Amino acid sequence: MTGMATPLPAPRIRLSRRILAESLAMHGGLWLVCAGLFVFLSLPLATLLIRSFEDKAGAFVGLANFVQYVQTPALARSTLNTLTFACLTTLITLPLAFAFAYAIQRTRIPAKGLWRSIALIPILAPSLMAALSFIYLFGNQGALKFVLGWFGVATIYGLPGMVLAMSFAAFPHAVMILLAAMALSDARLYEAAESMGTRAWRRFLTITLPGAKYGLISAAMVVFTMAVSEFGVPKVIGGNYPVLAIDIYKQVIGQQNFQMGAVVGLVLLLPAVIAFAVDQQVRRRQQALMTARSVPYVPRRSRGRDRVALAFVILVSAAMLTVMGMAVFGSFVKLWPYNLALTLAHYTYGFEEANVEHAYRNSLVMAAWCAAFGAAITFAGAYWVEKTRGAELLRPLIRLQAMLPMAVPGMVLGIGYILFFNAPANPLNFLYGTMAILVVCTVVHFYSSSHLTAVTALKQLDAEFESVSASLKVPFYKTFWRVTVPVCLPTILDISRYYFVNAMTTISAVVFLYSPKTMLAAISILQLDEAGAIGSAAAMATLIVATSAVVTVVTLAAESLLLARTQKWRVQART
Amino acid sequence: MSPDPVVDALKIESVHKAFGSFVALQSIDLTITPGEMVCFVGPSGCGKTTLLRIIAGLERQTSGRVVQNGRDVSDAPPAARDYGIVFQSYALFPNLTIADNVAYGLVNRRRGRAEIVARVKELLTLVGLPDAGGKYPGQLSGGQQQRIALARALATSPSLLLLDEPLSALDAKVRERLRGEIRALQRRLKVTTIMVTHDQEEALSMSDRVVVMRHGAIEQIGSPQDVYERPATPFVADFLGKVNVLKGVSSGPGRYRVGQTELDLPVDGFAPGDAVRIYLRPEDRHIEGDLTQLPNRLSGRVDHIEYLGTVCLAEVMCERLGCSMVVSMSLNQLHDLGIREGGDLVFALRTDRVRVFGEALAT
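A. Summary view of the overall build of chain A. What chain A contains, in helices and strands, is 25 helices and two strands. For chain A, the C-alpha radius of gyration of 26 Å lies close to 25 Å, the compact-globule estimate for 575 residues. With respect to the three principal axes, the spread of C-alpha positions in chain A is 100 × 75 × 50 Å. A total of 575 residues make up chain A; the buried ones form 46% of that total.

B. Geometry of the overall build of chain B. Helix and strand content of chain B: ten helices and 20 strands. Taken across its 363 residues, chain B has 40% of its residues classed as buried. For chain B, long-range pairs separated by at least 24 residues make up 63% of all intrachain contacts whose partners lie at least 6 apart in sequence.

C. Up close: the packing of helix 4 (residues 73-106) of chain A against helix 8 (residues 159-183) of chain A. Residues and elements named next belong to chain A. Between helix 4 and helix 8, the shortest axis-to-axis distance is 6 Å and the interhelical angle comes to 40°. By the angle between their directions, the pair helix 4 and helix 8 is classed as oblique. Crossing handedness for the pair helix 4 and helix 8: right-handed.

D. View of the packing of helix 4 of chain A against helix 14 (residues 303-332) of chain A. Residue and element names in this part refer to chain A. One can describe the packing of helix 4 onto helix 14 by two numbers: an axis separation of 10 Å at closest approach and a directional angle of 125°. One element, helix 4, and the other, helix 14, form an angle in the oblique class. The crossing of helix 4 and helix 14 is left-handed. For the pair helix 4 and helix 14, contact is made by L96, A99, F100 and A103 and by A309, F312, V313 and V316, respectively. In the contact of helix 4 with helix 14, the residues fall into eight nonpolar, no polar and no charged.

E. Quick peek at the pairing of strand 16 (residues 297-307) of chain B. Residues and elements named next belong to chain B. Alignment of strand 16 against strand 19 (residues 344-349), held across five bridges, turns out to be antiparallel. Counted as the bridge partner of S299 is V346 from strand 19. As paired strands, strand 16 and strand 17 (residues 311-318) are joined by six bridges and run antiparallel to one another. Paired with Y307 across the bridge in strand 17 is C312. In this antiparallel pair of consecutive strands, strand 16 and strand 17, the connection spans three residues, and G309 shows a positive phi of 105°.

F. Broad picture of the sheet that holds strand 13 (residues 261-264) of chain B. Residue and element names in this part refer to chain B. The strand order 13-12-11-14-20 describes an open sheet built from five strands, whose pairing is antiparallel. The open sheet terminates on both sides in strands that have one partner only, identified here as strand 13 and strand 20 (355-358). Between one strand and the next, the sheet's axes are offset by a mean angle of 40°, whatever the strand orientation. Bridge count for strand 12 (residues 255-258) against strand 13 is four bridges, and the pairing is antiparallel.

G. Region of interest: the sheet that holds strand 15 (residues 285-286) of chain B. All names here are of chain B. Ordered by their spatial adjacency, five strands build an open sheet running 15-19-16-17-18, and the pairing between neighbours is antiparallel. Since the sheet does not close on itself, it has two edges, and those belong to strand 15 and strand 18 (323-330), each with one partner. Note: strand 15 against strand 19, two bridges, orientation antiparallel. Pairing of R285 across the sheet is with L349, part of strand 19.

H. Broad picture of the nonpolar core. All names here are of chain A. Counting residues in hydrophobic clusters, the biggest one holds 280 residues, and the most contacted among them are L132, A165, A174, L178, L268 and A541. Of the residues forming this core, the biggest block, 15 residues, is contributed by helix 8. L132 has contacts with V236, A327, I534, A537, A538 and A541, leaving out every residue within four places of it along the chain.

I. Here's a closer look at the environment of D72 of chain B. Residues and elements named next belong to chain B. Structurally, the position occupied by D72 is in strand 5 (residues 71-72). Its 18 C-beta neighbours within 10 Å are what place D72 among the partly exposed residues. In this structure the C-alpha to C-alpha distance between D72 and L10, which are 62 residues apart in sequence, comes to 9.8 Å.

J. Looking closely at the domain arrangement of chain A. All names here are of chain A. Each assigned domain of chain A is listed with its residue range as follows: domain 1 (59-343) and domain 2 (346-575). A straight line from the C-alpha centre of domain 1 to that of domain 2 covers 23 Å. The partner domain 2 presents 33 residues to the 31 residues of domain 1 that form the contact. Taken together, the elements giving at least two residues each to the side of domain 1 that touches domain 2 come down to helix 6 (128-138), helix 11 (232-237), helix 12 (244-254), helix 13 (258-291) and helix 14. Broken down by class, the residue content of the side of domain 1 that touches domain 2 amounts to 24 nonpolar, six polar and one charged.

K. The arrangement of unusual backbone geometry in detail. Here W336 of chain A and P337 of chain A are connected by a cis peptide whose omega angle stands at -10°. Checked against the element boundaries, P337 of chain A lands in the loop between strand 1 (333-335) and strand 2 (339-342). Of note, S27 of chain B is a non-glycine position whose phi angle comes to about 35°, a positive value. Along the chain, S27 of chain B falls in strand 2 (residues 22-32). The exposure class of S27 of chain B is partly exposed, given the 13 C-beta atoms found within 10 Å. Non-glycine residue A91 of chain B carries a positive phi angle of around 50°.

L. Summary view of the domain arrangement of chain B. Residues and elements named next belong to chain B. Along its sequence, chain B is organised into domain 1 (10-238) and domain 2 (242-358). Taking only C-alpha atoms, the centre of domain 1 and the centre of domain 2 are 39 Å apart. Here the side of domain 1 that touches domain 2 takes three residues from helix 9 (residues 234-239), the largest share from any one element. Split into classes, the residues belonging to the side of domain 1 that touches domain 2 amount to three nonpolar, no polar and two charged.

M. Helix 1 (residues 48-56) of chain B, seen in detail. All names here are of chain B. With nine of nine residues buried, helix 1 is to be regarded as a mostly interior element. Of all the residues in helix 1, the buried ones are K48, T49, T50, L51, L52, R53, I54, I55 and A56. G57 lies just past helix 1 and shows a positive phi near 85°.

N. Structural view of the pairing of strand 8 (residues 192-197) of chain B. All names here are of chain B. Along strand 8, six of the six residues are buried, which leaves the element largely enclosed by surrounding structure. With burial as the criterion, each face of strand 8 is covered, one bearing T192, I194 and V196 and the other bearing T193, M195 and T197. Inspection of the sheet shows strand 3 (residues 37-41) paired to strand 8 by five bridges, in the parallel sense. Across the sheet, the residue bridging to C39 is M195, located in strand 8. Pairing geometry for strand 7 (residues 160-164) and strand 8, over five bridges, is parallel.

O. Expanded view of the confidence of the model for chain A. Residue and element names in this part refer to chain A. With 94% of its residues at a pLDDT of 70 or more, chain A shows a mean pLDDT of 88. Within chain A, no element has a lower average pLDDT than helix 1 (residues 2-5), which sits at 38, and none a higher one than helix 19 (residues 435-445), at 97. In the predicted structure, residues 1-13 sits below a pLDDT of 50 and forms 16 contacts with residues beyond four places in sequence or in another chain. Of the regions scoring below 50 in pLDDT, residues 571-575 engages in six contacts with residues more than four places distant in sequence or in other chains.

P. Representation of the confidence of the model for chain B. Overall, the predicted model of chain B reaches an average pLDDT of 91, with 98% of residues at or above 70. Mean pLDDT values for the elements of chain B range from 90 in helix 3 (residues 104-107) of chain B up to 97 in strand 3 of chain B.

Rules of the game
- Residues numbered from 1 in each chain as written.
- Chains lettered and ligands numbered in written order.
- Predicted model: local features only at pLDDT ≥ 70, side-chain atom pairs only at ≥ 80, totals over all residues.
- Helix = DSSP H or I, 4+ residues; strand = E, 2+ residues; numbered from the N terminus.
- Rg over C-alpha atoms; globule rule 2.2 N^0.38 Å.
- Buried ≥ 20, exposed ≤ 12 C-beta atoms within 10 Å, placed from the backbone.
- Contact = placed C-beta atoms within 7 Å.
- Axes fitted to C-alpha atoms, helices over the stretch in contact; angles between N-to-C directions.
- Parallel < 35°, antiparallel > 145°, perpendicular 65-115°, else oblique.
- Left-handed = near helix turned anticlockwise from the far one by under 90°.
- Nonpolar A, V, L, I, M, F, W, Y, C, P; charged D, E, K, R; others polar.
- Pairing = 2+ DSSP bridges.
- Core = buried A, V, L, I, M, F, W, Y, C linked by C-beta atoms within 7 Å.
- Domains from an automatic or database assignment.
- pLDDT = per-residue confidence, 0-100.

Put into structure tokens, the structure is as follows:
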């Protein structure tokens, strides 16, 4: 045809240096993210897996360690204990969280924002703070110890205390999921039901409950996983009720038996992975529900219902404030409950005596690093995966690894880190015992949620920004800097805050990795508690809550200021 | 062939694209001359957007070549090609002002500040929004945003303009107005333009040439008049505009039996007994004046009249054809001839544009 008749000029693609640099940056970034996750997540977990099949000398012994585990009655009992603890916690937390979320989303009670904020307070605290409060209230010197007798409970130490404290710690996580699940509801379903004369109770059973079904399952899985992998609460209030997380700690730190620690870690991983798989399945289905266009449901006034709801919400909030406030109050009194004179001694001499004065500062430094470095790397990583082209094989690999931390309990990640980084042959061995490894481990530990948040924000941007800037010959990193980052700034700040608060409160993974120099505030609570200095333990917990709260309030205020000043376009776009 | 002094603006040679086992495009050949406006039209999934994205370098073809202004860009990344692009979603940067959006590609070329300001002013005037520079995209209507997107794409004076369903997200009225404006602008700037659309009316009214696509292949390339009046395949006839399809059998040179009647059509090439489909548009009819001398006269009862404003469509049940035909007429004709639902209508077929296809082709 014509193409044959008129010879075309020799192809001359002039790939300028800039274009080459750009494609290098595109692929390089992806490789970097993938390699980072591989080294700091997959390899430690793989090491854990391998070590569970080896003996102390490193020889392959097949399933011998697992056989020994099953034949050790104490360890097998812990498994049962862990499941009992997690199931009871879920059974108590879920109905309360559901009722609370229902009251917020489906009734017309006043001051919803206030109740919601109170319910979310425990997120700002280490999970064991509630345990400290329950010791103050119902412990051996507890002011309300006599109440235990009414329920036929001899002591708060053990399963009862663990379940109570864990329910408080897990409550806000369940509430957040259920609030989101119940925010999406189609008013037209209720209108249709009403027009057919369906009674309120039946509407609840046939519309409300099925609508919240996925949220309920998802919340149950999250609470269950939290309890299964919880370390702080059983450590403080567990008494003689051993659970897996405690066993791992004893095996690894107490007996230096890394192989058995790895085995118990894998046993712990199993329920967490199952719960994660169920949750993922459920979330996918819920997304299908969400895509349908629906008319939002606006609750109507109903005096009786609203009164009951308000009473319930006030009761829960009061319990929340009492439990949180008890530890705070306890940290300021001389000797609970005998000498209630106020003092700052627990914050000064108490820390000095236990040699943990530097722990709080360490935590601040680590949290600041996690907030800055974690948010930057998570957002950039999500951007590279979602918005660049090329290297298609790497993308699913990164996505898979990004979701993995959600399924891995912190304790398991922690042992993986010890086994991997503490090996003398590992060139990264120098990281062991440093602040850097605490930062990296914490960022990896909380990577999944942050990654998902970033991906959601990026997906809301027009998919063609990158195509447009390529056609205008503007390199992708310029558009990233001029458009993507400014538009997503609120999300980046959210991620940053999430990392900060979690770095302040986390115990489970870093408990294996700190050195005397890098002792963290949350971990020092355990040490103080073990030394019998419950006042100072409460003081440290109070410092953490106060810091998280201040940072949260300050960043939220800064965010809204920033929105008003630099994001003029957003406000105007809404009008 | 005589050597062509003008280099083709774009030459696509046996471009093939597969996504896994799904073939999105199969050996596409197409040449576009400078200053031409070409529309890719077809149903969703026909490969028109994939082809546009391959031209833009946003997708990589599995095989084949893309040559722009005599330069092989088959393997070049988007930034190494020369085009401006406008998307259905506008893709304006929400945090930048309109002026900054339009200047986005200019800033990178290290032009003087005054020069950029002047160019932005010129472009905003060109698209009819001279005072929008200080606003943000969120403050403009959809149609205005799309004009800004057009200005941004044209800012760097690319030799090729790509429009990916640019009007599909807009209201009907705005769409119609913008259709004319884009075409006028394209003519004025003489910029080679490719537009992807699923709207046949848009394709017919805006382009110099229409490329009708289906199942990843080109069905027909031609002027709007060509593809509408002389569709090469039953699919093209059916996709562009309304059409009556009559099932018939060839009964001799130019003669076709349909139902109980025999039509006299200026189309040959079938052996007697061949099953055929006869494609006639609603306007391929005579309804005024003395019809008695005309061949292919038909009559029937008007079952239904569809008012579309100036044009009306009457569905006429023709007993002798054994089927209904849709006949179009102006509103004036409707009233002048007293055509009403339930009444009778006599008409003769206008056979100069009739298309006859073998049964096997008409799937």
